[in-house]
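# Observations on the model geometry
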Amino acid sequence: MNRITVFFLVLTTLTFSLLGGCASHTPFQPAQNEPDKALVYVFRPNSPFARGELIRIDVNGVKQRELLVNNAYLPIQVTPGSTEIKADFNRSHLGKGDVLTLTTVAGQTYYVKVQPAIAWTMTVTELDQTQGAAEISSKFLYQQ
C-alpha cells in the first residue's frame, strides 16, 4: 500500500474511534420517578426501517435533548395530565412522524413505542405495563 492509502485508513479508524467515544450505550436500567411526576419511557425497537436515522422526540411541544436511535430508549419525566408525545425524523424532509396523547398520573410509569415503517413513516403507540416492561428490557440508553 502506498502512503496515501495508509494515511486514509489511519484517519478513518481514528475518526470512528473518536465518534464512538462521544456516545454512551447503557443497558436498560429503571429510572427513578421524580416526586409529583409521571415517568414515560419512549423507546424504539431494533428495526431495519430507517435504521440509521435519528428520531426527535417532543413532549408537550418541547424538544428533548437526546435523540432516539435504533434499539434505544429515553426516560422522560412529565407533569401529570395530558401529555403529547411527538416523534419525527431528525431530518424533517425524510418522512411523516406521529403523535400520541397520554393522560398521565403522578407516580405511574408509561411505555411508548416509536416504530419506524416503510416509506419513511412511523407509528407511536402506548403499551401496557407488562408488554412495555418486556420490550424495553433489551433496549439501551443512548446518551450523546
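Residues numbered from 1 in each chain as written. Predicted model: local features only at pLDDT ≥ 70, side-chain atom pairs only at ≥ 80, totals over all residues. Heavy atoms only, no water.

Let's shift gears to the sheet that holds strand β4 (residues 62–63). Whenever strands of a sheet pair, they do so through backbone hydrogen bonds, lying parallel or antiparallel. Taken together, four strands build an open sheet; the order of strands is β4-β3-β6-β7 and the sheet is antiparallel. The open sheet terminates on both sides in strands that have one partner only, identified here as β4 and β7 (98–104). Where strand β3 (residues 55–59) and strand β6 (residues 81–89) come together, five bridges link them in antiparallel fashion. Its bridge partner lying in β6, Ile57 is registered against Ala87. (Pairing = 2+ DSSP bridges. Helix = DSSP H or I, 4+ residues; strand = E, 2+ residues; numbered from the N terminus.)

All right, on to the nonpolar core then. Grouped together as the largest cluster of nonpolar side chains are 26 residues, with contacts concentrated most on Val40, Val42, Ile55, Ile57, Leu68, Val112 and Val114. Of all the elements in the fold, those that place two or more residues in this core are β2 (38–44), β3, β5 (72–78), β6, β7, β8 (109–117), β9 (121–127) and β10 (140–143). Per element, the largest residue contribution to this core is four residues, and it comes from β5. Not counting residues up to four positions away in its chain, the partners in contact with Val112 are Val40, Tyr41, Val42, Phe43, Ile85, Leu100, Leu102, Val124 and Thr125. Listed in part, the eight residues of the second largest apolar core include Leu39, Tyr41, Tyr73 and Tyr111. (Core = buried A, V, L, I, M, F, W, Y, C linked by side-chain atoms within 4.5 Å. Buried < 20%, exposed > 50% of the residue type's maximum accessible area, 1.4 Å probe, protein only. Contact = heavy atoms within 4.5 Å.)

So, on to the side chain of Gln64. Relative to the assigned elements, Gln64 resides in the loop between β4 and β5. Polar contacts involving the side chain of Gln64 include one to the main-chain carbonyl oxygen of Val62, which spans 3.3 Å. Residues in contact with Gln64, not counting those within four places in the same chain, are Ile57, Asp58, Val59 and Ile76. (Polar contact = N/O pair within 3.5 Å; in protein donor to acceptor, adjacent residues only side chain to side chain.)

So, about the pattern of salt bridges. For the coordinates displayed, the defined rule picks out five salt bridges. Between Arg56 and Asp88 there is a salt bridge, and its shortest N-O distance comes to 3.7 Å. Taken together, the residues span a long stretch of sequence, with Arg56 in strand β3 and Asp88 in strand β6 at a distance of 32 residues. For the pair Arg56 and Asp88, one class covers both residues: buried. Taking the shortest distance from any N to any O, the salt bridge between Lys113 and Glu135 comes out at 3.0 Å. Taken together, the residues span a long stretch of sequence, with Lys113 in strand β8 and Glu135 in helix α2 (residues 129–136) at a distance of 22 residues. Taken together, the shared-partner salt bridges connect Arg56, Asp58 and Asp88 into one network. (Salt bridge = Lys/Arg side-chain N within 4 Å of Asp/Glu carboxyl O.)

When pLDDT is averaged along the protein, the result is 83, and 82% of the positions lie at 70 or above. Confidence over residues 6–23 falls short of pLDDT 50; this stretch has six contacts with residues more than four positions distant or in other chains. (pLDDT = per-residue confidence, 0-100.)

Before going further, it helps to examine the pairing of β9. Both β8 and β9 contribute to a ladder of seven bridges, which runs antiparallel. Pairing of Ala117 across the sheet is with Thr121, part of β9. Between β8 and β9, which pair antiparallel in sequence order, lie three residues; one of them, Ala119, sits at a positive phi of approximately 60°.

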